[in-house]
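Structural features, examined
For reference, the chains in residue letters:
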Amino acid sequence: MHRTMWLLSTSRAELHYFSDPTRVPGGYAILSHTWMGQEQTFQDIQAIRANCVTSGENPRDHVTPKVRDCCILAERYEHAWVWIDSCCINKENSTELSEAIDSMFRWYVLSEVCFAYLEDVPSDENIYDEGSAFRRARWHTRGWTLQELLAPAFLIFVSREWELIGTKADDAYLIEQITGIQAQYTTRQWTFNESNTPIPRRMSWAANRSTTRVEDEAYCLLGLFDLTLPILYGEGRRAFQRLQEELAKRSSDTTLLVWGTCHLSER
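Residues numbered from 1 in each chain as written. Predicted model: local features only at pLDDT ≥ 70, side-chain atom pairs only at ≥ 80, totals over all residues. Heavy atoms only, no water.

Right, let's talk about the overall build of the protein chain for a bit. Counting its regular elements, the protein chain contains 10 helices and seven strands. The dimensions of the protein chain, computed from C-alpha atoms along their principal axes, are 60 × 45 × 35 Å. The proportion of buried residues among the 267 residues of the protein chain is 53%. Carbon together with sulfur atoms contributes 48% to the accessible area of the protein chain, which is approximately 12,100 Å² in total. Here the protein chain contributes 27 positively and 37 negatively charged side chains, and the mean placements of these two sets differ by 4 Å. (Helix = DSSP H or I, 4+ residues; strand = E, 2+ residues; numbered from the N terminus. Buried < 20%, exposed > 50% of the residue type's maximum accessible area, 1.4 Å probe, protein only. Areas by Shrake-Rupley, 256 points an atom, 1.4 Å probe, with all protein chains shown as cover. Lys, Arg positive; Asp, Glu negative; His and termini not counted. Charge placed at Lys NZ, Arg CZ, Asp CG, Glu CD.)

Structure (structure tokens):
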């Protein structure tokens, strides 16, 4: 089931509503990133647009550098629309937030391209060098970026200067060294489902990743297991317990039960 979504126009950084992501003209790009400090919100983007109606200015000139530069990069790749999680979800609307979390994995699957922005990685390095900033990038350690690595068919890594530094396809074996996830999964030669990828293996991919909110330890894995759960921020560790309960219905592997004490522990 496809859910509605908001997208930014890359030419103006204005939010537009689409009833079905599969019907976005020309498709859409998507941004994968780690949150650093205060990110621009849905309400911020709408306020900028309202102010620019009066001034006649282009709203894109007034958004944060990250949002602006992402729009410019997507436009360079001839995409008129881009989705950015920080500002394309109305988090003040609990229904929209829940639907977005339930749909997010699919949105990455449906994207034309995903740009993984690594703001702690410079352009002027060999990413294969031992101890490279790419190997140590914060992006590899966050809970939400796991689905953002696996779901898109085409993922481009960009540096803090917004320059191309690699792709998921070309650098799959380097990604395997960093994350422990076999290259055949990241390149989608192998699918990850119950028939060929045991639940504990998929859970192990998240073992060394962390989230800011404790509930996101569970919510960031929903797409990986093709699950939906009621989104209840404030429930704490109970979210992960509910995830385990749903997974236990699919598997008799009792090792699932130990993940409550050794699984994820800030985007």
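Moving on: the nonpolar core. Counting residues in hydrophobic clusters, the biggest one holds 82 residues, and the most contacted among them are Leu8, Trp83, Phe134, Phe157, Leu221 and Leu243. Considering every element that reaches this core, the biggest residue donor is helix H3 (residues 94-110), with seven residues. Setting aside residues up to four positions removed in sequence, Leu243 forms contacts with Ala218, Leu221, Leu222, Leu227 and Leu229. (Core = buried A, V, L, I, M, F, W, Y, C linked by side-chain atoms within 4.5 Å. Contact = heavy atoms within 4.5 Å.)

The topology assignment puts Lys249 in the loop between helix H9 (238-248) and helix H10 (259-262). Judged by relative accessible area, Lys249 falls into the exposed class, the value being 64%. Placed 113 residues apart in sequence, Lys249 and Arg136 show a C-alpha to C-alpha distance of 37 Å. Within the structure, the side chain of Lys249 is placed 3.0 Å from the side chain of Glu246, a separation counted as a polar contact. (Polar contact = N/O pair within 3.5 Å; in protein donor to acceptor, adjacent residues only side chain to side chain.)

The next thing to look at is the pattern of salt bridges. Pairing is possible between side chains that carry opposite charge, provided their charged atoms lie close to one another. Taken as a whole, this structure holds 13 salt bridges when the rule is applied. A salt bridge links Arg160 to Glu161, with the nearest nitrogen and oxygen atoms 3.3 Å apart. When salt bridges that share partners are traced, they join Arg12, Glu14 and Arg49 into one network. (Salt bridge = Lys/Arg side-chain N within 4 Å of Asp/Glu carboxyl O.)

Here the focus is the pairing of strand E7 (residues 164-167). Look at any regular strand and the pattern is simple: side chains alternate between the two faces of the sheet. Relative to E7, strand E6 (residues 155-158) runs antiparallel, the two sharing three bridges. In the sheet register, Ile156 faces E7, and the bridge partner there is Thr167. Hairpin connection, E6 to E7: the antiparallel pair is bridged by five residues, and Trp162 has positive phi, about 65 degrees. (Pairing = 2+ DSSP bridges.)

Moving on: the side chain of Ser111. With respect to the secondary-structure elements, Ser111 resides in the loop between H3 and strand E5 (113-117). Looking at Ser111, the relative accessible area reads 6%, which means it is buried. Separated by 2.8 Å, the side chain of Ser111 and the backbone oxygen of Tyr108 make a polar contact. Those residues in contact with Ser111, other than ones at most four positions away along the chain, are Tyr28, Ile30 and Pro152.

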